[in-house]
Amino acid sequence: MPKIPFELLSRFTTSANAKSLFLSFEGIEGAGKSTQINTASNFLKSAGYDVLLLREPGGTEFGERLRSAILNSQKDLHPLSEAFLFASSRAQLLYEVILPKLKQDGTAVICDRYIDSSIAYQGYARKLGTQTVLEIHGHHPLTIVPHQTFYIKISPQTSLERQKIRNQKKDYFESKGLAFYESLVKGYEEAAALFPHRIISIDGEKDQTSVSAQLELKLKELIK
Ligand code: TYD
């Protein structure tokens, strides 16, 4: 694993308000992110939080336009273009939505994908390198990261098997083979090693009920 300068890593911080929560969910296709985001949302609502669900890229008018530009692209984009487009959507989402929301006590912002997707997809699968992805995010507001990130971990084989069953229309990143998913998993593993306090891996191979049970345990610890 290449060594990332400490000065760069130390730029990443959480929001200043300790009375609100910022969470993100990560995983490769078929990991069960949506189900677990639903679990987290219900759990936090019953604990009294005002929950806001967001997805990346997207969540603002500008971000949704970038989303369709990237995901409907017929041509392969340069990995650096991809990284800047995702970061641009993220900066706008932070500025317009996430940061104002986190100022309100009792809010929980849950993001479907965040910076670790850029590390896995652009940094690893598209081979830009983690350091470049982190450098792109090295300026405010992109240095604000979630309090906790749940990485729902499944193997590339499980991903491909689950995709076969779903058989949905594929977009930009979804018609790829085993090697692509293997590199995503490596990317997520590097992210988890670089940010061990923020990223919690959850075993997504089990049935969704036991994955939800693991997640609820972690959430209980987080809000106690
Ligand atoms: P989406 O349909 O939301 O995928 P999923 O349901 O798997 O979350 O599309 C988002 C796609 O964009 C997904 O393939 C991952 C990719 N992506 C990146 O490559 N980099 C990023 O920084 C983000 C946020 C997403």
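The present account deals with the structure reproduced in this document. (Residues numbered from 1 in each chain as written. Predicted model: local features only at pLDDT ≥ 70, side-chain atom pairs only at ≥ 80, totals over all residues. Heavy atoms only, no water.)

**Describing the nonpolar core**
Side chains of a nonpolar character, in soluble globular proteins, are inclined to be buried together.
Okay, so step 1: Core analysis: the largest hydrophobic core is formed by 65 residues, its most contacted members being Ile98 and Leu134.
Okay, so step 2: The element contributing the most residues to this core is helix H4 (residues 79-102), with nine residues.
Okay, so step 3: Leaving out residues up to four positions away in the same chain, Ile98 has contacts with Phe22, Leu54, Leu93, Val109 and Tyr114. (Core = buried A, V, L, I, M, F, W, Y, C linked by side-chain atoms within 4.5 Å. Buried < 20%, exposed > 50% of the residue type's maximum accessible area, 1.4 Å probe, protein only. Helix = DSSP H or I, 4+ residues; strand = E, 2+ residues; numbered from the N terminus. Contact = heavy atoms within 4.5 Å.)

**Digging into the site of the ligand**
Okay, so step 1: Looking at the ligand, there are 13 residues lining it, with Lys33, Arg67, Arg113, Ser118 and Gln122 nearest.
Okay, so step 2: Interatomic distance of 2.6 Å between a side-chain N/O atom of Lys33 and an oxygen atom of the ligand.
Okay, so step 3: Take Arg113: an N or O atom from its side chain is 2.7 Å from an oxygen atom of the ligand.
Okay, so step 4: The protein chains hide 87% of the 540 Å² of surface that the ligand would expose on its own.
Okay, so step 5: More than half of the atoms belonging to the ligand lie within 2 Å of the grid points that define the largest pocket.
Okay, so step 6: Only helix H3 (61-71), H4 and helix H5 (115-125) provide two or more residues apiece to the shell around the ligand. (Near = heavy atom within 4 Å. Polar contact = N/O pair within 3.5 Å; in protein donor to acceptor, adjacent residues only side chain to side chain. Areas by Shrake-Rupley, 256 points an atom, 1.4 Å probe, with all protein chains shown as cover. 1 Å grid on protein atoms, 1.4 Å probe; cavity = no way out; pocket = protein on both sides within 12 Å on 5 of 7 lines; lining within 4 Å. Sits in = over half its atoms within 2 Å of the grid points.)

**Focus: the sheet that holds strand E3 (residues 107-112)**
Okay, so step 1: If you trace the five strands from one edge of the open sheet to the other, you get E2-E3-E1-E4-E5, paired in parallel fashion. Of all the strands in the sheet, the pair left with one neighbour each is strand E2 (50-55) and strand E5 (199-203). For this sheet, the mean inter-axis angle between neighbouring strands, taken without regard to orientation, is 20 degrees.
Okay, so step 2: Relative to E3, strand E1 (residues 21-26) runs parallel, the two being bridged by five bridges. Bridged to Phe22 within E3 is Val109.
Okay, so step 3: In this fold helix H9 (residues 208-223) packs onto E1, strand E4 (148-153) and E5, with an angle of close to 155 degrees to the strand it touches most, E5. (Pairing = 2+ DSSP bridges. Axes fitted to C-alpha atoms, helices over the stretch in contact; angles between N-to-C directions.)

**Section: H5**
Okay, so step 1: Counted residue by residue, H5 has 10 buried out of 11 residues, so it is predominantly covered.
Okay, so step 2: Within H5 the residues assigned to the buried category are Ile115, Asp116, Ser117, Ser118, Ile119, Ala120, Tyr121, Gln122, Gly123 and Ala125.
Okay, so step 3: Contact partners of the buried residues in H5: E1, H4, helix H6 (130-136), E4, helix H8 (178-194) and E5.
Okay, so step 4: Phi turns positive, to about 65 degrees, at Lys127, one or two residues after H5.

**Points about the packing of aromatic side chains**
Okay, so step 1: Taken as a whole and judged by the stated rule, the model has 10 aromatic pairs.
Okay, so step 2: Aromatic pair Phe86 and Phe173: ring centres 6.3 Å apart, planes at 35 degrees, arrangement tilted. Pair noted here: Phe86 is in helix H4 and Phe173 is in the loop between helix H7 (156-166) and H8, with a separation of 87 residues, a long-range link.
Okay, so step 3: Counting every residue linked through ring pairs, the aromatic cluster contains Phe86, Tyr121, Tyr172, Phe173, Phe180 and Tyr181.
Okay, so step 4: The lysine or arginine in question, Lys176, covers the ring of Phe180, its NZ or CZ lying 5.5 Å from the ring centre. (Phe/Tyr/Trp six-rings, centres within 6.5 Å; stacked < 30°, edge-to-face > 60°. Lys NZ or Arg CZ within 6 Å of the ring centre and 35° of its normal.)

**Describing the layout of surface pockets**
Okay, so step 1: The space that makes up the largest pocket amounts to roughly 640 Å³.
Okay, so step 2: In terms of lining, the largest pocket is formed by 28 residues, of which the most central are Lys33, Arg67, Asp112, Arg113 and Glu174.
Okay, so step 3: Those elements that provide at least two residues to the lining of the largest pocket are helix H2 (33-46), H3, H4, H5 and H8.
Okay, so step 4: It is H5 that provides the largest number of residues to the lining of the largest pocket, a total of four residues.
Okay, so step 5: If you add up the space inside the second largest pocket, you get close to 170 Å³.
Okay, so step 6: Around the second largest pocket sit Phe12, Thr13, Thr14, Val145, Pro146, His147, Leu194, Phe195, Pro196, His197 and Arg198, which together line it. (Points joined across faces, edges and corners; volume = space filled by probe spheres on them.)

In short, geometric facts, not functional conclusions.
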